[in-house]
Amino acid sequence: HILCDTNVLIAALISHGACKDLFDHCLGEHALYTSPQILQEVRSNLTVKFGYTKKETGRAINFLKINSAIINPPPLPSPVCRDPDDDKILAAAVYSHVDCLISGDKDLLVLKNFHKIPILNPVKFWKFEKENPKA
């Protein structure tokens, strides 16, 4: 069970490279989880930052919805990160009982783990994957 942060999902959707390879691997080997908050952030970034049309953005969001379990986590009992959006990511990871959270966000990565869930950048995920083949 894997949860990818918004930045990993966007990198996987807009370019060919490490995040796309990682996402494709996770699609085939793991159950992926996401939340309405993550999907909304992906939608917003694709349109505002990357100039995707409504139709292109809709296709990307539908792809994520089809290939992920969508969970609606309650908020964390108290703030953890300086960015409230990051707390929403942590809440989704805890609520969905994932084996790891993959992120490129320095504010999340600095935590290293949360509620025993490793928070890994894409490069460290591959090491995790080798060491935990049934995760």
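Before reading further, recall that the structure is shown in the block above.
Residues numbered from 1 in each chain as written. Predicted model: local features only at pLDDT ≥ 70, side-chain atom pairs only at ≥ 80, totals over all residues. Heavy atoms only, no water.

Some points on the packing of aromatic side chains
The geometry of an aromatic ring pair comes down to the distance between the two centres and the angle between the two planes.
Here is step 1 of the chain: The full count for this structure, using the stated rule, is 3 aromatic pairs.
Here is step 2 of the chain: Aromatic pair Phe125 and Trp126: ring centres 5.5 Å apart, planes at 65°, arrangement edge-to-face.
Here is step 3 of the chain: Among the residues examined, Trp126 registers a relative accessible area of 34% and is labelled partly exposed.
Here is step 4 of the chain: Judged by centre distance (6.3 Å) and plane angle (35°), the ring pair of Phe125 and Phe128 falls under tilted. Residue Phe125 and its partner Phe128 are both found in helix α7 (residues 122-131); the two are separated by 3 residues, about one turn of the helix.
Here is step 5 of the chain: What links up through ring pairs into an aromatic cluster is the set Phe125, Trp126 and Phe128. (Phe/Tyr/Trp six-rings, centres within 6.5 Å; stacked < 30°, edge-to-face > 60°. Buried < 20%, exposed > 50% of the residue type's maximum accessible area, 1.4 Å probe, protein only. Helix = DSSP H or I, 4+ residues; strand = E, 2+ residues; numbered from the N terminus.)

Description of the side chain of Asp87
Here is step 1 of the chain: Turning to its location among the elements, Asp87 is positioned in helix α5 (residues 84-95).
Here is step 2 of the chain: No salt bridge is formed by the buried Asp87, whose closest oppositely charged neighbour, Lys88, lies at an N-O distance of 9.4 Å.
Here is step 3 of the chain: Setting aside residues no more than four positions away along its own chain, Asp87 makes contact with Leu76, Pro79, Val80 and Cys81. (Lys, Arg positive; Asp, Glu negative; His and termini not counted. Salt bridge = Lys/Arg side-chain N within 4 Å of Asp/Glu carboxyl O. Contact = heavy atoms within 4.5 Å.)

Considering helix α3 (residues 36-48)
Here is step 1 of the chain: With 13 residues, α3 extends 18 Å from end C-alpha to end C-alpha; this agrees with the ideal 18 Å at 1.5 Å per step.
Here is step 2 of the chain: Those residues of α3 lying buried are Ile38, Leu39, Val42, Asn45 and Leu46. Each buried residue of α3 sits inside an arc of 130° when the element is viewed along its axis, so together they form one side.
Here is step 3 of the chain: Turning to α3, the residues buried within the fold contact β1 (2-4), α1 (6-14), β2 (32-34), α4 (54-67), β3 (69-70) and α5. (Expected span 1.5 Å × (residues − 1). Arc of directions from axis to C-beta.)

Focus: the pattern of salt bridges
Here is step 1 of the chain: Across all of its chains, the model carries 4 salt bridges by this definition.
Here is step 2 of the chain: As a salt-bridge pair, Arg82 and Asp107 come within 2.6 Å of each other at their nearest N and O atoms. Residue Arg82 is found in the loop between β3 and α5, and its partner Asp107 is found in helix α6 (residues 106-109); the two are separated by 25 residues along the sequence.
Here is step 3 of the chain: Classification of Asp107 by relative accessible area gives partly exposed; the value is 21%.
Here is step 4 of the chain: For Asp85, the salt bridge is made with Lys88, and the minimal N-O distance between the two is 3.6 Å. Here Lys88 and Asp85 lie together in helix α5, a separation of 3 residues that amounts to about one turn.
Here is step 5 of the chain: Assessed through its relative accessible area of 33%, Asp85 is described here as partly exposed.
Here is step 6 of the chain: Looking at Lys88, the relative accessible area reads 40%, which means it is partly exposed.

Spatial relationships are all this shows, so hold off on functional conclusions.
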